[in-house]
Amino acid sequence: MNKQKITLAVTGLNNTDNPGAGVPFIRGIKESEAFDARIIGLVYENLEPGIYMENLCDRIFQIPYPSSGSDELIERIENIHQQEHIDVLIPNLDAELFSFMKNEGRLRSRGIQTFLPNLKQFQEREKDKLPEFGKKYDIKVPGSINMSTLGQIKDLEDKYNYPVMIKGQFYDAYVAHNEEQAKQAFHTIASKWGFPVIAQEFVKGTEVNVIALGDGKGNTIAAVPMRKQYITDKGKAWGGITLADEKMMELTRSIISKTKWKGGMELELIKTNGGEYYLIEINPRVPAWVYLAVGAGQNIPEALVKLALGMDVQAMTKYKIGKMFVRYSYDAIVDLEKFAAISMNKEI
Amino acid sequence: MKITEDIKISDNGFVFNSRTGDSFNLNPFALELMKNIEAEKSFDQIKTEVMEKYDIDDLSFEKDFYEFCALLKHHQIVLQDNPLDFK
């Protein structure tokens, strides 16, 4: 089969202890039978490990953080596009998604395709809106309070028993077992991530996750459920195993069908001892463990790129159960020239 | 009492629950008991076979077997509608 030549730009090459999905996404594309992809790595920092990994990216470009302004970011992408003719752009980091979603039309008009959720889908699943999301789509979610003042810790004590989860709007979560710990977590999160700080009812059970891909018309193109077997102190999976759980699959299909989700997603669920499932978070992009899905038989990166290019994609319903991933750290020895090039020229 | 269809038992005693992702290691005797439960042998049949093969008294076997079954149930390895059903 002749592979289609494409130029694919990918972010999230930060394969650190808080990894982005860029590197595993590229691994999936390199195993694709449909694409012969020229890979453009887009990085924010000059020490993102993906820059230095052999045989991963053909070119690397540094891009400005979205916090410095969407226009600056998109102009840089357009500038890179003039040199590299990007066919598809896959953003993999939460913080940049809003900028790329907002500029989807502008990028498309330049010939750069994306496949992202729309703003409504993106915003209604935000952590501080989870109770409304649960109500609207008839999904069990833990109760929560959005806090903007320390005084509201009293409200949460009236409503829930300790422990409670104290979460940032975008990132970070702490278990608080008493008022002191809740106050400490409130301050830590507010100073790092701003307001609201979310106090979420603690649901006892096992955390399980699903990676999925929606076609934007209500169809589930891919879905693989997983349980984390080894979790780092940042709460990241360092090992995981695919599960045979039809209830998780049903829940995933139901969410994608009701929301008409477009793009990759990760559902974070708590399975209680009574066999009930509580949705605790929806991440609006593929997670860093996306390569487990590839290994289990569903090449989600390939399917996502096909959808971005407007190709027909058959829903994948089978995957290997009991497939595991075990992450590891590895010291790459790097010549100074490469570091100097990305630091000084902002490209390699 | 029935082993759920999500359970895979290897000949070396490795047990994997594909629904929960849990895995367990069985010693040779636990594996023998599991194979008997999997074959849907009755409690009396298992007891007779074990007592013929090993030096164990009636009461000790019953106590240990019930404890083992409770553990299997706790880890969702077996289904047991009736708590007194060990057959």
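Residues numbered from 1 in each chain as written. Chains lettered and ligands numbered in written order. Predicted model: local features only at pLDDT ≥ 70, side-chain atom pairs only at ≥ 80, totals over all residues. Heavy atoms only, no water.

S.K.: Got a minute to help me understand the overall build of chain A in this structure?
M.R.: When its secondary structure is counted, chain A shows twelve helices and 14 strands. Against the 2.2 N^0.38 benchmark of 20 Å for 348 residues, chain A shows a C-alpha radius of gyration of 20 Å, consistent with a compact globule. Structurally, chain A occupies a C-alpha span of about 60 × 45 × 40 Å along its principal axes. For chain A, the proportion of its 348 residues judged to be buried stands at 55%. Partitioning the contacts of chain A with sequence separation of at least 6, the portion at a separation of at least 24 is 64%. Total accessible area computed for chain A in this model is approximately 16,100 Å², and 49% of it derives from carbon and sulfur atoms. On chain A, the mean spot of the 43 positive side-chain charges and the mean spot of the 45 negative ones are 4 Å from each other. (Helix = DSSP H or I, 4+ residues; strand = E, 2+ residues; numbered from the N terminus. Rg over C-alpha atoms; globule rule 2.2 N^0.38 Å. Buried < 20%, exposed > 50% of the residue type's maximum accessible area, 1.4 Å probe, protein only. Contact = heavy atoms within 4.5 Å. Areas by Shrake-Rupley, 256 points an atom, 1.4 Å probe, with all protein chains shown as cover. Lys, Arg positive; Asp, Glu negative; His and termini not counted. Charge placed at Lys NZ, Arg CZ, Asp CG, Glu CD.)

S.K.: Can you walk me through a nonpolar patch on the surface in this structure?
M.R.: Residues L47, L336 and F339 of chain A make up a contiguous nonpolar surface patch of roughly 320 Å² in combined accessible area. Tracing the chain through its elements places L336 of chain A in helix α12 (residues 336-345). (Patch = residues over 30% accessible without salt bridge, like charges linked within 9 Å, V, L, I, M, F, W, Y side chains within 5 Å. Salt bridge = Lys/Arg side-chain N within 4 Å of Asp/Glu carboxyl O.)

S.K.: Before we go on, may I ask you to explain the packing of aromatic side chains in this structure?
M.R.: Aromatic ring pairs are defined here through the distance separating the ring centres and the angle between the ring planes. Following the criterion strictly, the structure yields ten aromatic pairs over all chains and no others. Where F29 of chain B meets Y54 of chain B, the ring centres are 5.2 Å apart and the plane angle is 80 degrees; that geometry is what we call edge-to-face. Of the two residues, F29 of chain B sits in helix α1 (residues 28-38) while Y54 of chain B sits in the loop between α2 (43-53) and α3 (58-74), which places them 25 residues apart along the sequence. The exposure class of F29 of chain B is partly exposed, given its relative accessible area of 31%. An aromatic cluster is defined as three or more aromatic residues linked by ring pairs; in this entry it consists of F43, F61, F65 and Y66 of chain B. Stacked on the ring of Y291 of chain A, the Lys or Arg R27 of chain A has its end atom at 3.8 Å from the ring centre. (Phe/Tyr/Trp six-rings, centres within 6.5 Å; stacked < 30°, edge-to-face > 60°. Lys NZ or Arg CZ within 6 Å of the ring centre and 35° of its normal.)

S.K.: Can you walk me through the sheet that holds strand β2 (residues 7-9) of chain B in this structure?
M.R.: Two pairing modes exist for strands in a sheet, parallel and antiparallel, and in both the strands are linked by backbone hydrogen bonds. Residues and elements named next belong to chain B. With respect to topology, three strands assemble into an open sheet ordered β2-β3-β4, the strand pairing being antiparallel. What marks the edges here is a single partner per strand, and that holds for β2 and β4 (23-25). Averaged over all pairs of adjacent strands, the angle between strand axes in this sheet comes to 15 degrees, irrespective of strand direction. (Pairing = 2+ DSSP bridges. Axes fitted to C-alpha atoms, helices over the stretch in contact; angles between N-to-C directions.)

S.K.: Help me out: how do you make sense of the UniProt feature "domain: ATP-grasp" (unreviewed entry) in chain A in this one?
M.R.: According to UniProt, the "domain: ATP-grasp" (unreviewed entry) feature falls on residues 131-309 of chain A. The span residues 131-309 of chain A shows a helical share of 32% and a strand share of 35%, and its end C-alpha atoms are spaced 35 Å apart. (UniProt positions renumbered as here; feature names shortened; annotations may be inferred.)

S.K.: How should I be thinking about the nonpolar core in this particular structure?
M.R.: Proteins that are soluble and globular tend to have nonpolar side chains buried together. With 69 residues, the main nonpolar core has L8, F25, I255, L269, L279 and V305 of chain A as its most contacted residues. Tallying contributions element by element places helix α11 (residues 300-308) of chain A first for this core, with six residues. Of all hydrophobic cores here, the second largest spans 22 residues; its members include F24, L26, F65 and F68 of chain B. (Core = buried A, V, L, I, M, F, W, Y, C linked by side-chain atoms within 4.5 Å.)

S.K.: When you look at the domain arrangement of chain A in this model, what are you seeing that I'm missing?
M.R.: Frequently, the measure chosen for interface size is the accessible area that the parts lose on association. Per the domain assignment, the segments making up chain A are domain 1 (4-114 + 331-345), domain 2 (143-201) and domain 3 (204-326). Distance between the C-alpha centres of domain 2 of chain A and domain 3 of chain A: 28 Å. (Domains from an automatic or database assignment.)

S.K.: Any chance you could explain the interface of chain A and chain B here in plain terms?
M.R.: Facing the ten residues of chain A at the interface are seven residues of chain B. A combined buried area of about 640 Å² lies between chain A and chain B, and 44% of that area is made up of carbon and sulfur atoms. Contact with chain B buries surface across chain A, with R227, A244 and K271 of chain A losing the most and accounting together for 52% of the total. Where chain A meets chain B, there are one salt bridge. For D22 of chain B, the salt bridge is made with R227 of chain A, and the minimal N-O distance between the two is 2.3 Å. There are three residue pairs in polar contact (both at pLDDT 80 or more) connecting chain A and chain B. Only β10 (220-231) and β11 (237-242) of chain A provide two or more residues apiece to the side of chain A that touches chain B. Across the side of chain A that touches chain B, the residue classes tally to four nonpolar, three polar and three charged. (Buried area = accessible area lost by both parts, 1.4 Å probe. Polar contact = N/O pair within 3.5 Å; in protein donor to acceptor, adjacent residues only side chain to side chain. Nonpolar A, V, L, I, M, F, W, Y, C, P; charged D, E, K, R; others polar.)

S.K.: Help me out: how do you make sense of the packing of α2 of chain B against α3 of chain B in this one?
M.R.: Pairs of packed helices are described in terms of their axes, by the angle between the two and the distance that separates them. All names here are of chain B. Axis separation between α2 and α3 bottoms out at 11 Å; the angle between their running directions is 125 degrees. Accordingly, the angle class assigned to the pair α2 and α3 is oblique. Where α2 crosses over α3, the two elements pack in a sense that is right-handed. Residues F43, I46, K47, V50 and M51 of α2 touch α3, and the partners they reach there are D58, F61, E62, F65 and Y66. (Parallel < 35°, antiparallel > 145°, perpendicular 65-115°, else oblique. Left-handed = near helix turned anticlockwise from the far one by under 90°.)

S.K.: In this structure, what is going on with the pattern of salt bridges? I would like to understand it.
M.R.: Two side chains with opposite charge may pair up if their charged atoms get near one another. Residues and elements named next belong to chain B. One pass over the full model with this rule turns up 31 salt bridges over all chains. Across the pair E62 and K47 runs a salt bridge, and its minimum N-O distance is 3.2 Å. With E62 in helix α3 and K47 in helix α2, this residue pair connects regions lying 15 residues apart in the sequence. Take E62: its relative accessible area is 23%, and that puts it in the partly exposed class. Its relative accessible area of 15% is what places K47 among the buried residues.

S.K.: Would you mind going over the pairing of strand β6 (residues 164-167) of chain A with me for this structure?
M.R.: In regular strands, side chains alternate between the two faces of the sheet. All names here are of chain A. Every second residue of β6 is oriented toward a common face, with V164 and I166 on one face and M165 and K167 on the other, all of them buried. As defined by bridge partners, β6 adjoins strand β8 (residues 197-201) across four bridges and the pair is classed as antiparallel. By the bridge assignment, V164 is partnered in β8 with E201. Inspection of the sheet shows β6 paired to strand β7 (residues 173-176) by four bridges, in the antiparallel sense. Residue pairing across strands places I166 opposite Y174, the latter belonging to β7. Hairpin connection of β6 to β7: five residues between the antiparallel strands, including D172 at a positive phi of 85 degrees.

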